[in-house]
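# Structural description and commentary
The residues making up each chain are set out below.
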Amino acid sequence: MVHRNQLFTVFKIFYIFVLISLTATYVRCRTRINSSNKSPQQQQQVLNSCVVPKFNGTEYYLAGCVGETCSLEAGHRIPGNGSVLRLKCAESFILRQKQVDITVCYDGHWFPKRHSCQRTCKAIDLNTLDVACTYKGQAVSCLDDVRVGTQAAIACKQGFITDRNYEMPNHCLKTGKWKYVMYKCAPICGEMEGDKIKQEGLRNGIDTIDARQAPWNAAVYLAENSTFRMICGGTLLSEEFIITAAKCVKNESGFVRDLSAFGVAVGKTYKNWDDSRDSSVAQKFQVTEILDEAFFRQFFKEDSEIIDFARHIVVLRVKGVINFGSLVSPVCLDVERLNERVPNLVGTVIGWSVKDDNSMRLTRFRRPVENNFACRQRLKPNETIDNPSKFCTERIHQLGNFLGAGLTFWENETRKNYVIGILTDHFDDVTVYLGYRDESSAFIIDLMRIYFARATDVKSVQ
């Protein structure tokens with residue numbers, strides 16, 4: 001890098017020398033041609049000064065000067081004997097000519113003449129878009145601010161969709177704005193290979209599947225003996241977020257473990273972190289943030305219903321971006337509460353047995369869903385359901401103490417799968433979920449809206 005900077009310095013010095021030499025030669029030649037008609041006093045060459053120009057986003061400094069007086073205001077005159085000014089571009093501006101951040105005044109003229117800074121358009125860093133940028137036919141990075149005249153070809157990444165027309169290239173205009181606003185594409189949610197679970201199947205069906213048949217399924221792991229041990233399931237909500245049960249991230253004392261203790265995987269068919277059978281297709285991530293009830297205390301009172309609801313679930317933010325495809329895609333949130341319109345609702349849970357080493361392959365369970373009141377009637381005297389937003393299915397014994405998995409259902413009109421609850425407890429006769437099956441328990445939708453508003457750093461680029 002030092003060697004590179006030295007080369008740039010030599011280039012600039014050479015550039016100044018050439019400019020001055022060529023200009024001086026031109027002036028001398030012109031003087032000789034006209035000298036025979038002038039008196040000795042007239043023949044004396046007087047070099048004209050230059051006026052510091054005024055261009056938006058451009059500041060001028062005397063080259064080699066140190067101190068507060070180096071900056072020059074527009075309109076200031078400087079000697080025309082080869083004075084060198086250095087250019088500095090304001091934020092959102094860029095040099096008109098790359099690597100040429102100087103201009104030379106000689107005999108009333110600036111060299112080069114076009115030396116100002118020009119506006120740029122913002123970098124395109126929306127992780128749901130595939131973007132290719134070109135400037136004068138040459139490929140340039142879209143991740144840096146780009147020059148006026150840059151074109152951007154845009155499309156949604158695999159697994160995303162938009163109702164906007166991205167067929168025509170976007171253009172960086174002289175105003176420093178893109179011709180049209182670019183928004184994030186929305187994830188295609190709730191779809192899977194094979195389209196849907198057959199509703200004609202058994203109400204208490206069990207079958208082994210692979211990741212393509214539950215692409216929103218996630219697994220939460222705990223660091224242990226130089227590898228990771230599966231502790232819980234989870235459900236993929238977006239390219240960054242996975243929802244699971246709060247118990248999955250807490251230690252024996254009830255405190256949230258350190259972030260470095262966790263790993264998350266999606267696209268897995270087999271339970272073990274490093275199982276060679278799906279290692280080439282599974283995506284694995286570190287956890288960078290855990291959004292739990294502490295986050296919601298910023299907005300709600302301690303005794304509010306929504307804080308009580310948030311105590312039972314957490315959302316994990318992964319490091320990086322989850323890539324969508326046939327093996328991995330998010331589930332839909334039931335914003336319109338379509339589940340309430342389905343009579344005799346049957347839910348689906350995906351998971352592995354945490355304790356049973358023989359249960360290595362992903363398994364799907366289907367169970368009729370019962371509301372909070374019906375669930376309470378099935379509890380033993382020493383068992384309690386501690387939240388009115390919880391509901392249940394018949395106990396899924398094969399899952400043991402497996403928690404955090406999402407309970408989903410297939411909606412026939414939209415032909416999508418929706419999550420309506422998170423597995424939080426197992427009792428003798430029932431498996432319990434926190435969600436919004438009942439009229440009085442739709443808090444999860446509000447929670448998700450807050451989570452995503454909190455997490456979305458860039459929504460659009462203009």
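Residues numbered from 1 in each chain as written. Predicted model: local features only at pLDDT ≥ 70, side-chain atom pairs only at ≥ 80, totals over all residues. Heavy atoms only, no water.

### Describing the overall build of the protein
Let me state the cut-off plainly: By the criteria applied, helices consist of DSSP H or I runs no shorter than four residues and strands consist of E runs no shorter than two, each listed in order from the N terminus. For each residue, the accessible area found with a 1.4 Å probe, counting protein chains only, is set against the maximum for its type, and the residue is called buried under 20%, exposed over 50%, and partly exposed in between. It only takes one pair of heavy atoms within 4.5 Å for two residues to be counted as in contact. Residue-level accessible areas treat just the shown protein chains as cover; the underlying method is Shrake-Rupley with a 1.4 Å probe.
Each helix and strand in the protein was counted, giving six helices and 32 strands. By the burial criterion, 48% of the 462 residues in the protein qualify as buried. Looking at the protein alone, contacts between residues at least 24 apart form 68% of all its contacts between residues at least 6 apart. For the protein, the computed accessible surface area is about 24300 Å², with 50% contributed by carbon and sulfur atoms.

### Observations concerning the packing of aromatic side chains
Put simply, the rule reads: Each pair of aromatic rings taken from Phe, Tyr and Trp, with Trp reduced to its six-membered ring, is defined by centres within 6.5 Å and is described as stacked if the planes are under 30 degrees apart, edge-to-face if over 60, and tilted in the remaining cases.
Applying the stated criterion across every chain yields a total of six aromatic pairs. Measuring from ring centre to ring centre gives 4.9 Å for Phe160 and Phe324, while their planes differ by 20°; the resulting arrangement is stacked. With Phe160 in strand S14 (residues 160-161) and Phe324 in the loop between strand S24 (313-318) and strand S25 (332-333), this pair connects stretches of sequence that are 164 residues apart. We note that Phe160, like Phe324, is buried. Measuring from ring centre to ring centre gives 5.0 Å for Tyr221 and Trp273, while their planes differ by 75°; the resulting arrangement is edge-to-face.

### Here we look at the pairing of strand S27 (residues 363-368)
The side chains of a regular strand alternate, first on one face of the sheet and then on the other. Spelled out, the test is: A strand pair is defined by DSSP finding two or more bridges across the two strands.
Counting buried positions along S27 gives six out of six residues, so the element sits mostly inside the fold. On S27, burial covers both faces: Thr363, Phe365 and Arg367 on one face and Arg364, Arg366 and Pro368 on the other are all buried. Note: strand S18 (residues 206-208) against S27, three bridges, orientation antiparallel. Its bridge partner being in S27, Thr208 is matched across the sheet by Thr363. By the bridge criterion, six bridges tie strand S26 (residues 346-351) to S27 in an arrangement that is antiparallel. The residue bridging Ile350 from the neighbouring strand is Arg364, located in S27.

### Here's the deal with the sheet that holds strand S2 (residues 58-62)
With antiparallel pairing, five strands are arranged side by side in an open sheet as S3-S2-S5-S7-S8. Edge positions in the open sheet fall to strand S3 (71-72) and strand S8 (109-111), since each of these has one partner strand only. Relative to strand S7 (residues 102-106), strand S5 (residues 81-89) runs antiparallel, the two sharing five bridges. Across the sheet, the residue bridging to Asn81 is Tyr106, located in S7.

### Details of unusual backbone geometry
Cis rather than trans, the peptide bond between Phe111 and Pro112 has omega equal to -5°. Summarising the element assignment, Pro112 is placed in the loop between S8 and strand S9 (117-121). Look at Asn225: it is not a glycine, yet its phi comes out positive at around 55°. Following the sequence through the fold, Asn225 ends up in the loop between strand S19 (217-224) and strand S20 (227-236).

### A look at the state of the cysteines
Let me state the cut-off plainly: Cysteine sulfur pairs qualify as disulfides if the two atoms are within 2.5 Å.
Taken as a whole, this structure holds nine disulfides when the rule is applied. Two residues, Cys50 and Cys105, share a disulfide whose sulfurs are 2.0 Å apart. Taking the torsion about the sulfur-sulfur bond, which here is approximately 90°, the covalent link between Cys50 and Cys105 counts as right-handed. Here Cys105 lies in strand S7 and Cys50 lies in strand S1 (residues 50-51), a separation of 55 residues in the sequence. The burial state of Cys50 is the same as that of Cys105; both residues are buried. Paired by a disulfide, Cys156 and Cys185 hold their sulfur atoms 2.0 Å apart. Handedness of the Cys156-Cys185 disulfide follows from its S-S torsion of about -80°: it is left-handed. With a gap of 29 residues between them, Cys156 in strand S13 (residues 151-156) and Cys185 in the loop between strand S16 (182-183) and strand S17 (186-187) connect regions that are remote in the sequence.

### Focus on the pattern of salt bridges
For the record, the criterion: In what follows, salt bridge is the name for a side-chain nitrogen of Lys or Arg lying within 4 Å of a carboxyl oxygen of Asp or Glu.
Throughout the structure, instances matching the rule amount to 17 salt bridges. Put simply, Glu293 and Arg311 hold a salt bridge, and the shortest N to O gap is 3.4 Å. Here the residue Glu293 occupies a position in helix H3 (residues 293-296), and Arg311 occupies one in the loop between helix H4 (305-310) and S24, the gap between them amounting to 18 residues. Salt-bridge contacts for Lys390 lead to Asp425; the nearest nitrogen and oxygen are separated by 2.8 Å. Here the residue Lys390 occupies a position in strand S28 (residues 390-394), and Asp425 occupies one in strand S30 (residues 416-426), the gap between them amounting to 35 residues. A residue is classified by how much of its surface remains accessible, and Lys390, at 1% relative accessible area, is buried.

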